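# Chain and residue survey
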Amino acid sequence: MRLFIRKVLSAALASTMILTGSSFINTNASAAERKNARAAADSKSAIAASGSAIADTGSAIGSKADTGSAIVVHHKKIHVKDVKIKSVMPSRKSVLLSLSSKGKGSISGIIVYKKKKSTGKWVIKAVIRKKSGFLEDTRVSFNKSYSYRARAFYKDSKGRNHYGKYCPQVKVRVSIHKDIYKVTDKNSPVYGKTLILYRYGNGELVTDPEKHVKIKADSYVLYVNKAKDYVTAYAVAGKELIPVKSFICSPGNATPLGTHKTLAKFRWHELMGPCWGQWCTRITNNGIYFHSIFSSKPNSNSTISVRAYNNLGTTCSHGCVRLTAASAKWIYDNCKVGTTVVIHSKTGYEPFKKPVIGKLPAWHTWDPTDPTAQKLCKKHKCHSYAAKKIKK
């Protein structure tokens, strides 16, 4: 009987325990105790829920970070404008490239590539750390072709490079082009004439076209400008003229205006003084010549008048047209007897500007352009000129 009563009491006590969340509340406890138990249970449940939310939030942040990483990895490619050749300057042996970028997206700079002729592979020529800019390629040769292309790059915050598309390659030939020009300036000595001019890619006039193209000339004509003190040599090509050279000179007040024909040539010739000039070409019968700066001794290339050399480009002769030794030799070598010489004082259009030369110190008593005096410049280490075989 006692055992039965004990089992009944145990079952009743068990029935008074209610499961709430993860805590058990004794229903036989006082009301205050039950209230406190429920509050504790609710608090634990809230903490657990809060922890779960934090975990979820962290997971969401991690997911967002991954998405951001994916955006950087798959960064939109940067589009670059086609490379444009702004100018080609074979006189300086260079190609000037103008570069810019287009399209949406970020950009840190532009990479320029050049195709290597020996292998046909593209190699990096330069990196321009701007959205646009210029690049001058000086590793080029005249009358040869070169290919270029470019693409943009973007460096992200983690130092990783991302590249845009290559722009179409641009091929350019380092060369000059012919320009036909009819002179309309009535104050020009060549007014009404049609000239063949040679220009570089940027429009700059070629002042030594014979170095770049083979000029077929029937003859030459020489224009002596007394107003500006220089000579322009034109090659005659049918009805057209090709300016090929310009020479600084010193004419005189007695140098006769008009059109003349050369009469004779002399390797050395006695002039007024007496003094002697090299590579002399007679213009008139009364003793007007093209000649080098005069020397005080016959056949002497080391006794020139330094004062006369330094006065080149001014009107100061007795009537002859004084020139540097190199200029007098060019006329002597290239202009046959009977060449037309036009002496004028017009100030209008001339294709070439007046040449400029340096001054000589008093001890430099030879012409630095004289190919027969190169050994003197070499000895004094003052000027440098290419060695050539000289006609005696």
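Everything in this summary refers to the structure shown in the same document. (Residues numbered from 1 in each chain as written. Predicted model: local features only at pLDDT ≥ 70, side-chain atom pairs only at ≥ 80, totals over all residues. Heavy atoms only, no water.)

## Some details on the environment of Phe 247
Filter applied, for reference: Each helix corresponds to a stretch of at least 4 residues labelled H or I by DSSP, and each strand to a stretch of at least 2 residues labelled E; elements are numbered beginning at the N terminus. When a residue's accessible area, from a 1.4 Å probe over protein chains only, is under 20% of the maximum for its type it is buried; when over 50% it is exposed; and in between it is partly exposed. Residue contacts are defined here by distance: any two heavy atoms, one from each residue, within 4.5 Å place the two residues in contact.
If you trace the backbone, Phe 247 turns up in strand E15 (residues 240-248). Given the relative accessible area of 5%, Phe 247 is considered buried. Spatially, the C-alpha atom of Phe 247 lies 9.3 Å from that of Val 224, the residues being 23 residues apart in sequence. Excluding residues that lie within four positions of it along the chain, Phe 247 makes contacts with Tyr 230, Val 231, Ala 233, Leu 323, Ser 327, Trp 330, Ile 331 and Pro 355.

## Looking at the sheet that holds strand E19 (residues 289-292)
Paired through backbone hydrogen bonds, the strands of a sheet run either parallel or antiparallel to each other. Inclusion rule: Pairing between two strands requires that DSSP report at least two bridges joining them. Lines fitted to the C-alpha atoms define the axes, with helices restricted to the stretch that makes contact. Angles between their N-to-C directions range from 0 to 180 degrees.
The strand order across the open sheet built from 4 strands is E17-E18-E19-E20, with neighbouring strands paired in mixed fashion. Looking along the sheet, the strands with just one partner apiece sit at the ends: strand E17 (264-271) and strand E20 (321-323). Sheet twist, expressed as the average angle between the axes of neighbouring strands with direction ignored, equals 30 degrees. Here 7 bridges tie E17 to strand E18 (residues 275-282), and the two strands are oriented antiparallel to one another.

## Considerations on the packing of aromatic side chains
To keep things clear, this is the line we draw: Aromatic contacts are taken between Phe, Tyr and Trp rings whose centres are within 6.5 Å, Trp giving its six-membered ring; a plane angle under 30 degrees counts as stacked, one over 60 as edge-to-face, and the others as tilted. Think of it as a cone above the ring: NZ of Lys or CZ of Arg counts as a charge over the ring if it is within 6 Å of the ring centre and within 35 degrees of the ring normal.
Evaluated as defined, the whole model comprises 7 aromatic pairs. Each ring, one from Phe 247 and one from Trp 330, has its centre 5.6 Å from the other, and the planes form 50 degrees; the classification is tilted. A residue pair is termed long-range when its members are at least 10 positions apart, and Phe 247 in strand E15 and Trp 330 in helix H4 (residues 325-334) qualify at 83 residues. Side by side, Phe 247 and Trp 330 carry an identical accessibility label, which is buried. Counting every residue linked through ring pairs, the aromatic cluster contains Tyr 220, Phe 247 and Trp 330. Above the plane of the ring of Tyr 113 lies Arg 149, whose end atom (NZ or CZ) is 5.9 Å from the centre. One cation-aromatic arrangement involves Arg 149 over Tyr 166; the distance from NZ or CZ to the ring centre is 3.8 Å.

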